Amino acid sequence: MGKRTKLLVLNAVSIIGGIAIWWLLALNGFQLPTPPEVVEKAIQLWNAGILQEDILASLGRVLAGFLLGSAAAIPVGFLMGWYTVARGLFEPWIQFFRTIPPLALLPLVLVLLGIGEIPKIVVIFLAAFLACVISTYQGVVSVDKTLINAARVLGAKDGTIFARVVVPASTPFILVGMRVGLGSAWATLVAAELLAAQAGLGRRMQEAQIYYDLATIFVGIVLIGILGLVMDRLLLFAETKLTGWQERR
């Protein structure tokens, strides 16, 4: 059995085992809905058109905040790692905001920007940005100095060194930062939707909590997990393609 096949088999065994444990807990007195009950509730919400609306609303917010945050973090991280002046200007503020959870800024953002879509995207943007910018910066400063010096000896200018040496060497760090930022984006989204959202998986889970509708809560949890997992696998696939030169175990 090849390594890839073995991993897929182990993944399947792990998922089936997890569902089996969940089912056993539900059947043995724990206040949990069984997997069939969750599937049945998901079908009901889908047939009513509610689930599609919630998925599209949540996915749109996450994609907007995550893509904007990553797009801003990568150049800022490169500047911080390559130029001392940029590092001196940006680093204090990035370290300052890193200690503040993006959700702690949500009340302020709501007051300043209202209760529409923009505040939710802004806090998701901050979560993704702060995770990705540090990883990108670390990737740049971790580039082997020997490679840079060798390029200079061969007559390469700063632009060529940056494009041919620094960017490829930093790519694994960037993609790891994006994966961490993606997780932060989903975690921030659920809390952001608890405030003044008209649709979304987090909003639906909050309403279900009021009526003690555990099946709907589990539908939201499972869907968020699945969507997050699919997006993470896509980033992992991109990492494999972009860093094929890197040795892997």
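Thresholds applied
Residues numbered from 1 in each chain as written. Predicted model: local features only at pLDDT ≥ 70, side-chain atom pairs only at ≥ 80, totals over all residues. Heavy atoms only, no water. Helix = DSSP H or I, 4+ residues; strand = E, 2+ residues; numbered from the N terminus. Buried < 20%, exposed > 50% of the residue type's maximum accessible area, 1.4 Å probe, protein only. Contact = heavy atoms within 4.5 Å. Areas by Shrake-Rupley, 256 points an atom, 1.4 Å probe, with all protein chains shown as cover. Lys, Arg positive; Asp, Glu negative; His and termini not counted. Charge placed at Lys NZ, Arg CZ, Asp CG, Glu CD. Domains from an automatic or database assignment. Buried area = accessible area lost by both parts, 1.4 Å probe. Salt bridge = Lys/Arg side-chain N within 4 Å of Asp/Glu carboxyl O. Polar contact = N/O pair within 3.5 Å; in protein donor to acceptor, adjacent residues only side chain to side chain. Nonpolar A, V, L, I, M, F, W, Y, C, P; charged D, E, K, R; others polar. Axes fitted to C-alpha atoms, helices over the stretch in contact; angles between N-to-C directions. Parallel < 35°, antiparallel > 145°, perpendicular 65-115°, else oblique. Left-handed = near helix turned anticlockwise from the far one by under 90°. pLDDT = per-residue confidence, 0-100. UniProt positions renumbered as here; feature names shortened; annotations may be inferred.

Visitor: Can you break down the overall build of the protein chain residue by residue, with the values?
Guide: Along the protein chain, the regular secondary structure elements total 10 helices and 0 strands. What you see in the protein chain, going N to C, is helices and strands ordered as α-α-α-α-α-α-α-α-α-α. The principal-axis extent of the C-alpha atoms belonging to the protein chain is close to 70 × 55 × 30 Å. Buried residues in the protein chain amount to 37% of all 249 residues. Expressed as a percentage of contacts within the protein chain between residues at least 6 apart in sequence, the contacts between residues at least 24 apart total 73%. Element-wise, carbon and sulfur atoms account for 70% of the exposed surface of the protein chain, whose accessible area totals about 14600 Å². Here the protein chain contributes 19 positive and 14 negative side-chain charges, whose respective centroids are spaced 11 Å apart.

Visitor: Explain the domain arrangement of the protein chain to me, using residue names and the numbers behind them.
Guide: Considered domain by domain, the protein chain is made up of domain 1 (1–32) and domain 2 (34–242). Here the C-alpha centroids of domain 1 and domain 2 sit 27 Å apart. The interface is formed by 7 residues belonging to domain 1 together with 7 residues belonging to domain 2. When domain 1 packs against domain 2, close to 670 Å² is buried across both sides, 79% of that on carbon and sulfur atoms. Together, Trp22, Trp23 and Leu32 form the three largest contributors to the area buried by domain 1 at its contact with domain 2, with a combined 69%. Counting the contacts that link domain 1 with domain 2 gives 0 salt bridges. Summed over the shared surface of domain 1 and domain 2, the result is 1 residue pair in polar contact (both at pLDDT 80 or more). For the side of domain 1 that touches domain 2, the class distribution of residues is 6 nonpolar, 1 polar and no charged.

Visitor: Describe the environment of isoleucine 94, listing the residues and the values that go with them.
Guide: Here isoleucine 94 lies in helix 4 (residues 84–98). Separated by 35 residues in the primary sequence, isoleucine 94 and phenylalanine 129 have C-alpha atoms spaced 9.6 Å apart. Setting aside residues up to four positions removed in sequence, isoleucine 94 forms contacts with Val76, Met80, Leu130, Val133 and Ile134.

Visitor: Account for the pattern of salt bridges, with residues named and values stated.
Guide: Going through the model one piece at a time under the given rule, you end up with 7 salt bridges. Measuring nitrogen to oxygen at the nearest pair gives 3.8 Å for the salt bridge that ties lysine 41 to aspartate 213. You can see lysine 41 sitting in helix 2 (residues 35–47) and its partner aspartate 213 sitting in the loop between helix 9 (201–210) and helix 10 (214–242), a full 172 residues away along the chain. Accessibility expressed as a relative area gives 23% for aspartate 213, which makes it partly exposed. Arginine 233 is the partner of aspartate 232 in a salt bridge, and the nearest nitrogen-oxygen pair spans 2.7 Å.

Visitor: Can you explain the packing of helix 4 against helix 6 (residues 117–141)? Please cite residues and give values.
Guide: Relative to each other, helix 4 and helix 6 sit at 140°, their axes nearing to 11 Å. By the criterion of interaxial angle, the relationship of helix 4 to helix 6 is oblique. Of the two possible hands of crossing, helix 4 and helix 6 adopt the one that is left-handed. Facing helix 4, whose interface residues are Arg87, Glu91, Ile94, Gln95, Phe97 and Arg98, helix 6 presents Leu130, Val133, Ile134, Tyr137 and Val141. Of the residues contributing to the contact of helix 4 with helix 6, the split by class is 7 nonpolar, 1 polar and 3 charged.

Visitor: I'd love a proper account of the confidence of the model for the protein chain, names of residues and values included.
Guide: Within the protein chain, residue pLDDT values average 85, and 96% of them lie at 70 or more. When pLDDT is averaged over each element of the protein chain, helix 2 comes out on top at 92 and helix 5 (residues 106–113) at the bottom at 79.

Visitor: Describe in detail the UniProt feature "transmembrane region" (unreviewed entry) in the protein chain, supporting the description with residues and values.
Guide: Per the UniProt annotation, the sites labelled "transmembrane region" (unreviewed entry) are residues 7–25, 62–84, 96–115, 121–140, 161–178 and 210–231. The span residues 121–140 is 100% helix and 0% strand, and its two end C-alpha atoms sit 28 Å from each other. Helix makes up 86% of residues 210–231 and strand 0%. Its end C-alpha atoms lie 30 Å apart.

Visitor: Can you lay out the environment of proline 168 for me, pointing to particular residues and giving the numbers?
Guide: For proline 168, the location among the structural elements is in helix 8 (residues 158–192). Residues proline 168 and leucine 242, 74 residues apart in the sequence, show an inter-C-alpha distance of 8.4 Å.

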